[in-house]
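The lines below spell out each chain.
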Amino acid sequence: MKSHIQSLLEQAINTLKQQAIIPADFEARIQVDRTKDKTHGDFATNLAMMLTKVARKNPRELAQLIIDSLPQDSQVSKVEIAGPGFINFFIDESALANQLMAALKDEHLGVVLPTPQTVVVDYSSPNLAKEMHVGHLRSTIIGDSVVRALEFQGHKVIRQNHVGDWGTQFGMLLAYMEELRAKNGEQAQMELSDLESFYRAAKVRFDESEEFATRARKLVVELQSGDAYCNKLWQEFNDISLSHCHDVYARLGVSLTRADVRGESAYNDDLAQVVLDLDTQGLLAESNGAKVVFQEEFKTKEGEPLPVIIQKADGGYLYATSDMAAMRYRSNVLNADRALYFVDLRQGLHFQQVFNLARKAKFVKPEMSLEHMGFGTMNGEDGRPFKTRSGGVVKLVDLLSEAETRALELVRSKNPDMDQQELEQIAKVVGISSVKYADLSKNRASDYIFSFEQMLSFEGNTAPYLLYAYTRVAGIFKRAADIDLSDASIKLEHDKEKELGSKLAQFGEVLNRMVAKGQPHALCGYLFELAGAFSSFYEACPVLAADSEAEKKSRLLLSQLTAKTLKQGLDLLGIETLERM
Ligand code: ARG
């Protein structure tokens, strides 16, 4: 509806251009917003105020000219000028009802699909040397939800799990693996079931023994020059580490597969060329033996130049080097229109620098957009970065298990007679979705406090609240299973019906916002409001006990579209729904 009004306004502006009231070459940016207060109609635009300068007319006068030039439209019942020159649009209720009927019959719930793009989404991307920790939780679930919404809109999404599988720490790990194998034979395999302690033990050896450290350094060089034995060892290590990641993905219901893994090592063979190409373009400088790029745009607070390091003095490449190669691949091989990076905000400067450099060095097509979708830190209840009681990193698997255990208690307290198997099944869904939803519902750019109590509450914008709201809506149909709705239609008469109807019609706009800005919290907020609008409607408008057959069926259809929208919305967040809880 919003884009429909935008196009009506566009037509009006074209008419005014023909009449030379607005200069023909002027590009007007037409912004249309939903109104907060329905006495001001359903949509409003400040277009007349934006154009007063170029049209040399006062805003109210111009607003009237725009209104006079709007094409006739059956979906708009009234257009008014308000205040200094706003234009308010009132949507015709029967047009809205028809839109909802069409949404009910459409597998995309009436969402207007945009022109499809190819979108590369870089997310999760843990370092394989260690086990996944809470820091990777945010990237994994925010990224996955945006991926789902992009696919729903018909875009071609290419997932890229840019895992850290290369670099000096691998020498240390391989040296330790070798040492253990020599001592214990195949048993060394077992030790890798706990990557965290494996890494720590390797680090201890590295720090205590000069001989071990030398061996580790030699192994990295051999690995990077393609030595077969080293590569086999490295492959084995990564395989085990990746299978830990995929266990976590499976528990979280995240859509990443092994085929989506394209880690830093995948770019190893391109790195020398990256250096060469930067050099040919005269972009490289030398600093203490290292090859670096200084860019005008980046200076320290003191005004000192802030370089990107491309190659260390010992010949080793860096994180930024593989990102340069990855951008080139995403642009030229994958043909991306957009590349989205779901990575901690603390890497903001890194991305600004490499994005800027990739453009300067023409590694990416000029029309490709590079977007760092940064996120804040997940803190503990003390407001400090999330740690275990003893101060260690919290492993993701432990966190998920605790969520499930707490959810089990919660579900049992609500359903003391439910059998254990069903309880456990429900608890799994409630536990995992609570962790995911708590994260997704916050603006990704802010830090947030991780609290089991808050996320498992039935009150407020939480997973249990929404899952429960869904079971209530779905429950109405269980009682109405034998009612034939094939000839029924929606009529919006009661105020609460109109409010619910207008909320339902906003689904597509919300998805556009979520996908453009990489912000699942827009969808969470919407679903929360939708559940609220449904509950007010349900309180004020009896469904099964409605006054007439037609009214009952209309309200059932509204409930049905609410159920479908909630289910689809939760699915785009990667959250399963329950029929009972
Ligand atoms: N492995 C990195 C980390 O754990 C994240 C990689 C993000 N993606 C990228 N293209 N740099 O911090």
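Sequence order sets the numbering: in each chain, residues are counted from 1 along the sequence as written. Per-residue local features of the predicted model are confined to residues with pLDDT of at least 70, and side-chain atom pairs are confined, for both listing and counting, to 80 or more; whole-chain, interface and lining totals are unaffected and use all residues. The basis for every side-chain value is the complete set of non-hydrogen atoms in the structure, without hydrogens or water.

A closer look at the overall build of the protein chain
Phase 1 of the analysis: The number of helices and strands found in the protein chain is 21 helices and 13 strands.
Phase 2 of the analysis: When its C-alpha atoms are laid out on the principal axes, the protein chain stretches across 85 × 70 × 40 Å.
Phase 3 of the analysis: Between buried and exposed lies partly exposed: a residue is buried under 20% and exposed over 50% of the maximum accessible area for its type, with that area taken using a 1.4 Å probe on protein chains only. With 581 residues in all, the protein chain has 52% of them scored as buried.
Phase 4 of the analysis: Partitioning the intrachain contacts of the protein chain with sequence separation of at least 6 by distance along the chain shows that 73% fall at a separation of at least 24. Think of it this way: any DSSP run of H or I at least four residues long counts as a helix, any run of E at least two long counts as a strand, and we number them from the N terminus. Throughout, a contact is declared for two residues whenever any of their heavy atoms are within 4.5 Å.

Notes on the side chain of asparagine 88
Phase 1 of the analysis: Mapped onto the elements, asparagine 88 comes out in strand S4 (residues 86-91).
Phase 2 of the analysis: For asparagine 88, a relative accessible area of 3% corresponds to the buried category.
Phase 3 of the analysis: One polar contact links the side chain of asparagine 88 to the main-chain carbonyl oxygen of histidine 40, over a distance of 3.3 Å.
Phase 4 of the analysis: Filtering out sequence-adjacent residues up to four positions away, asparagine 88 remains in contact with His40, Phe43, Ala44, Lys78, Val79, Glu80 and Ala82. Any pair of N or O atoms that falls within 3.5 Å is considered a polar contact. Within protein, one atom must be able to donate a hydrogen and the other to accept it, and sequence-neighbouring residues count only if both atoms are side-chain atoms.

With respect to the sheet that holds strand S10 (residues 338-341)
Backbone-to-backbone hydrogen bonds join strands into a sheet, with any given pair of strands oriented parallel or antiparallel.
Phase 1 of the analysis: Any two strands between which DSSP finds at least two bridges are classified as paired. Taken in spatial order, the four strands make up an open sheet running S6-S5-S10-S11, and their pairing is parallel. Edge positions in the sheet fall to strand S6 (156-160) and strand S11 (369-372), since each has one partner strand and no second. For this sheet, the mean inter-axis angle between neighbouring strands, taken without regard to orientation, is 15°.
Phase 2 of the analysis: Packed on one face of the sheet, helix H12 (residues 319-332) meets strand S5 (118-122), S6, S10 and S11 and runs near 145° to S10.
Phase 3 of the analysis: The axes are straight lines fitted to the C-alpha atoms, using for helices just the contacting stretch, and the angles between their N-to-C directions are given from 0 to 180°. Sheet strands in contact with helix H13 (residues 348-360) are S10 and S11, and its direction is about 170° off that of S11.

Structural notes on the pairing of S10
Phase 1 of the analysis: Side chains Arg338 and Leu340 project from S10 onto one buried face, and the interleaved Ala339 and Tyr341 project onto a second face that is buried too.
Phase 2 of the analysis: Note: S5 against S10, four bridges, orientation parallel. Paired with valine 120 across the strands is alanine 339, a residue of S10.
Phase 3 of the analysis: Pairing between S10 and S11: four bridges, direction parallel. Bridge pairing links leucine 340 to glutamate 371 in S11.
Phase 4 of the analysis: For the handedness criterion, the β-α-β arrangement of S10, H13 and S11 is classed as right-handed. Orient the strands so they point away from the viewer; a crossover is then right-handed if the path from the first strand over the helix to the second runs clockwise.

Here we look at the UniProt feature "domain: Arginyl tRNA synthetase N-terminal" (unreviewed entry) in the protein chain
Phase 1 of the analysis: UniProt positions are given in the numbering used here, feature names are shortened, and annotations may be inferred rather than shown by experiment. Taking the UniProt record as the reference, the feature "domain: Arginyl tRNA synthetase N-terminal" (unreviewed entry) is found at residues 3-91.
Phase 2 of the analysis: Span residues 3-91 is 40% helix and 21% strand, its end C-alpha atoms 13 Å apart.

A word on the site of the ligand
Phase 1 of the analysis: Definition of nearness: a residue and a molecule or strand are near each other if at least one heavy atom of the residue lies within 4 Å of the molecule or strand. Residues in contact with the ligand, as listed here, are Asp122, Ser125, Asn127, His136, His162, Tyr319, Asp323, Tyr341, Val343, Gln347 and Phe351.
Phase 2 of the analysis: One of the side-chain N or O atoms of aspartate 122 is found 2.8 Å from a nitrogen atom in the ligand.
Phase 3 of the analysis: Per-residue and other accessible areas were derived by the Shrake-Rupley procedure at a 1.4 Å probe size, with only the shown protein chains allowed to occlude residues. Burial of the ligand by the surrounding chains reaches 89%, relative to a free accessible area of 350 Å².
Phase 4 of the analysis: Under the scheme applied here, ten amino acids are nonpolar (Ala, Val, Leu, Ile, Met, Phe, Trp, Tyr, Cys and Pro), four are charged (Asp, Glu, Lys and Arg), and all others, including Gly, are polar. For the shell around the ligand, the per-class residue count stands at four nonpolar, five polar and two charged.

Notes on the packing of helix H5 (residues 134-152) against helix H15 (residues 420-440)
Phase 1 of the analysis: At their nearest, the axes of H5 and H15 sit 10 Å apart, and the two run at 80° to each other. As judged from the angle between their axes, H5 and H15 are roughly perpendicular. Contacts between H5 and H15 involve Leu137, Arg138, Ile141, Ile142 and Ser145 from the first element and Val435, Lys436, Asp439 and Leu440 from the second. Every angle not falling under 35 degrees, over 145, or within 65 to 115 is termed oblique; those three ranges are roughly parallel, roughly antiparallel and roughly perpendicular.

Considering the nonpolar core
Phase 1 of the analysis: Here, the term nonpolar core denotes a set of buried Ala, Val, Leu, Ile, Met, Phe, Trp, Tyr and Cys residues that are joined through side-chain atoms within 4.5 Å. With 155 residues, the main nonpolar core has Leu399 and Leu523 as its most contacted residues.
Phase 2 of the analysis: With residues near it in sequence (within four places) discarded, leucine 523 still touches Phe507, Val510, Leu511, Met514, Gly569, Leu572 and Leu573.
Phase 3 of the analysis: Core analysis: the second largest hydrophobic core is formed by 33 residues, Val120, Tyr341, Val343 and Phe363 among them.

So, the pattern of salt bridges
Phase 1 of the analysis: A carboxyl oxygen of Asp or Glu within 4 Å of a side-chain nitrogen of Lys or Arg is what we treat as a salt bridge. Taken as a whole and assessed by the stated rule, the structure comprises 31 salt bridges.
Phase 2 of the analysis: In this structure, the salt-bridge partner of glutamate 222 is lysine 218, at a minimum N-O distance of 3.3 Å. Residue glutamate 222 and its partner lysine 218 are located together in helix H9 (residues 210-224), separated by four residues, close to a single helical turn.
Phase 3 of the analysis: On the basis of relative accessible area, glutamate 222 is assigned to the partly exposed category, the value being 23%.
Phase 4 of the analysis: Salt bridges sharing partners connect three or more residues here, namely Asp144, Arg148 and Asp571.

A short note on the UniProt feature "domain: DALR anticodon binding" (unreviewed entry) in the protein chain
Phase 1 of the analysis: Here, UniProt's "domain: DALR anticodon binding" (unreviewed entry) annotation points to residues 466-581.
Phase 2 of the analysis: Secondary structure across residues 466-581 comprises 69% helix and 0% strand; the distance between its end C-alpha atoms is 11 Å.

Some points on the sheet that holds strand S1 (residues 32-34)
Phase 1 of the analysis: Across the sheet, which stays open at both edges, the four strands sit in the order S1-S2-S4-S3 with antiparallel pairing between neighbours. The open sheet terminates on both sides in strands that have one partner only, identified here as S1 and strand S3 (76-82). Neighbour-to-neighbour, the strand axes of this sheet turn through a mean angle of 25°, independent of strand direction.
Phase 2 of the analysis: Where S3 meets S4, six bridges bridge the pair, whose relative direction is antiparallel. Pairing of alanine 82 across the sheet is with phenylalanine 86, part of S4.

So, helix H18 (residues 495-504)
Phase 1 of the analysis: Along H18, the residues classified as buried are Glu497, Leu500, Gly501, Ser502, Lys503 and Leu504.
Phase 2 of the analysis: At its buried positions, H18 is contacted by S1, helix H4 (93-105), helix H19 (507-517), helix H20 (520-540) and helix H21 (549-572).

Some remarks on the packing of aromatic side chains
Phase 1 of the analysis: Two aromatic rings, drawn from Phe, Tyr or Trp (for Trp, its six-membered ring), form a pair once their centres lie within 6.5 Å of each other, and the interplanar angle then sorts them: stacked below 30 degrees, edge-to-face above 60, tilted otherwise. Counted under the stated rule, the structure contains 16 aromatic pairs.
Phase 2 of the analysis: Taking 5.2 Å as the distance between ring centres and 55° as the angle between the ring planes, the aromatic pair formed by tyrosine 341 and phenylalanine 355 counts as tilted. One end of the pair, tyrosine 341, is in strand S10; the other, phenylalanine 355, is in helix H13, and 14 residues separate them in sequence. Accessibility classification places tyrosine 341 together with phenylalanine 355 in one group, the buried group.

Focus on H15
Phase 1 of the analysis: Along its 21 residues, H15 runs 30 Å from first to last C-alpha, staying within 8% of the 30 Å computed at 1.5 Å per residue.
Phase 2 of the analysis: Of all 21 residues that make up H15, 15 are buried, and the element is covered over most of its length. Helices are assigned an expected span. That span is 1.5 Å times one less than the residue count.

Considerations on the side chain of aspartate 260
Phase 1 of the analysis: Within the fold, aspartate 260 resides in the loop between helix H10 (228-252) and helix H11 (271-280).
Phase 2 of the analysis: At 4.5 Å, arginine 159 is the nearest oppositely charged side chain to aspartate 260, a buried residue that forms no salt bridge.
Phase 3 of the analysis: A distance of 2.7 Å separates a polar side-chain atom of aspartate 260 from the backbone nitrogen of threonine 257.
Phase 4 of the analysis: The contacts of aspartate 260, once residues within four sequence positions are left out, are Arg159, Gln160, Asn161 and Ser255. Think of it this way: Lys and Arg go in the positive column, Asp and Glu in the negative one, and His and the chain ends go nowhere.

With respect to the environment of leucine 174
Phase 1 of the analysis: As for its placement among the helices and strands, leucine 174 is situated in helix H6 (residues 169-184).
Phase 2 of the analysis: You can call leucine 174 buried: its relative accessible area is 0%.
Phase 3 of the analysis: Each C-alpha atom of the pair leucine 174 and leucine 544 lies 68 Å from the other, and the pair is 370 residues apart in sequence.

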